[in-house]
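Coordinates in review
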Amino acid sequence: MFKVVIPARHASTRLPGKPLVDIAGLPMIVRVAQRAASSGAESLVVATDHEQIADVVRSHGFDAVMTRSDHATGTDRIAEVADIMGWSPATVVVNVQGDEPLIDPDLIHRVATALDQDPESSIATASSAIDDASDFFNPAVVKVICDVHGRALYFSRAPIPWARDAFAADSRTLPADLGAQRHIGIYAYRVRFLQRNARLQPAPVEQVEALEQLRALWHGYRIRVVRDVPMPHPGVDTPEDLERIRAVFEQSAL
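**Quick notes on unusual backbone geometry**
- Of the consecutive residues Ile-160 and Pro-161, the connecting peptide bond is found in the cis state with omega at -5°.
- Here Pro-161 is to be found in the loop between β9 (152–156) and α6 (164–169).
- Although it is not a glycine, Ala-24 sits at a positive phi angle of roughly 50°.
- If you trace the backbone, Ala-24 turns up in the loop between β2 (22–23) and β3 (26–27).
- A residue is classified by how much of its surface remains accessible, and Ala-24, at 43% relative accessible area, is partly exposed.
- Unlike most non-glycine residues, Asp-228 shows phi in positive territory, near 60°.
- Here Asp-228 is to be found in the loop between β11 (223–226) and α10 (239–252).

**Considering helix α1 (residues 28–37)**
- Most of α1 is tucked away: seven of the ten residues are buried.
- For α1, every residue scored as buried is listed here: Met-28, Ile-29, Val-30, Arg-31, Val-32, Ala-33 and Ala-36.

**Examining the pairing of strand β4 (residues 43–48)**
- With five of its six residues buried, β4 lies for the most part within the structure.
- Bridging between strand β1 (residues 3–8) and β4 involves six bridges; their strand directions are parallel. Its bridge partner lying in β4, Val-5 is registered against Val-45.
- Here β4 pairs with strand β5 (residues 63–66) via four bridges, running parallel. Each residue of the ladder has a partner; that of Val-46, found in β5, is Ala-64.

Conventions and cut-offs
- Residues numbered from 1 in each chain as written.
- Predicted model: local features only at pLDDT ≥ 70, side-chain atom pairs only at ≥ 80, totals over all residues.
- Heavy atoms only, no water.
- Helix = DSSP H or I, 4+ residues; strand = E, 2+ residues; numbered from the N terminus.
- Buried < 20%, exposed > 50% of the residue type's maximum accessible area, 1.4 Å probe, protein only.
- Pairing = 2+ DSSP bridges.

Shown next, in the form of structure tokens:
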């Protein structure tokens, strides 16, 4: 069993009031909650610092919890929810981003299940195969390398793994056996990790790469990776993203 928390802030530099924007007749945060509710989660909570968001969520039959407005990350907001709700240290919680109205419920379930079945890991996430060289060499595409048990060894904006001999001959084509994986930004956590995370000091490598997940690896926590998942739909960060998502809903009558 697992729980889903959807952090939802009203403030957004590029798209103010983002959780409440209309998508095919419903606020985006409600669209996200509907998808997440189909994941098999035991319970679902929207964590917000804005009363209007909480009211909208509740009016559509979902639970909302008011949290502080000074959280630096969604992970910190989820930790506060776990404390408010009194969840046990062993509870598995999935962080579903509030700006992903096309999130795959099966992806949520797979990540939660992977963590639940791996008692040595504190976090679970996902990755998708990279088949295109432009993605592999793009620093905006985060790559992940895993060990034989499917746990993350390292995340990087650099092209890893580096095929020394193949790229010496041709760096425009990816070797068929490279096995490169793009990190997908969905996370499941055990509550005991959330309780400790805020006290972890930032890691030098985390600051160099600008990747928060490296903090957990630096401090010795294990991250389980569900590999080769289908590439999910992008989230909504800009007005252009919003129009694209609206078009998808209109075309598919979701």
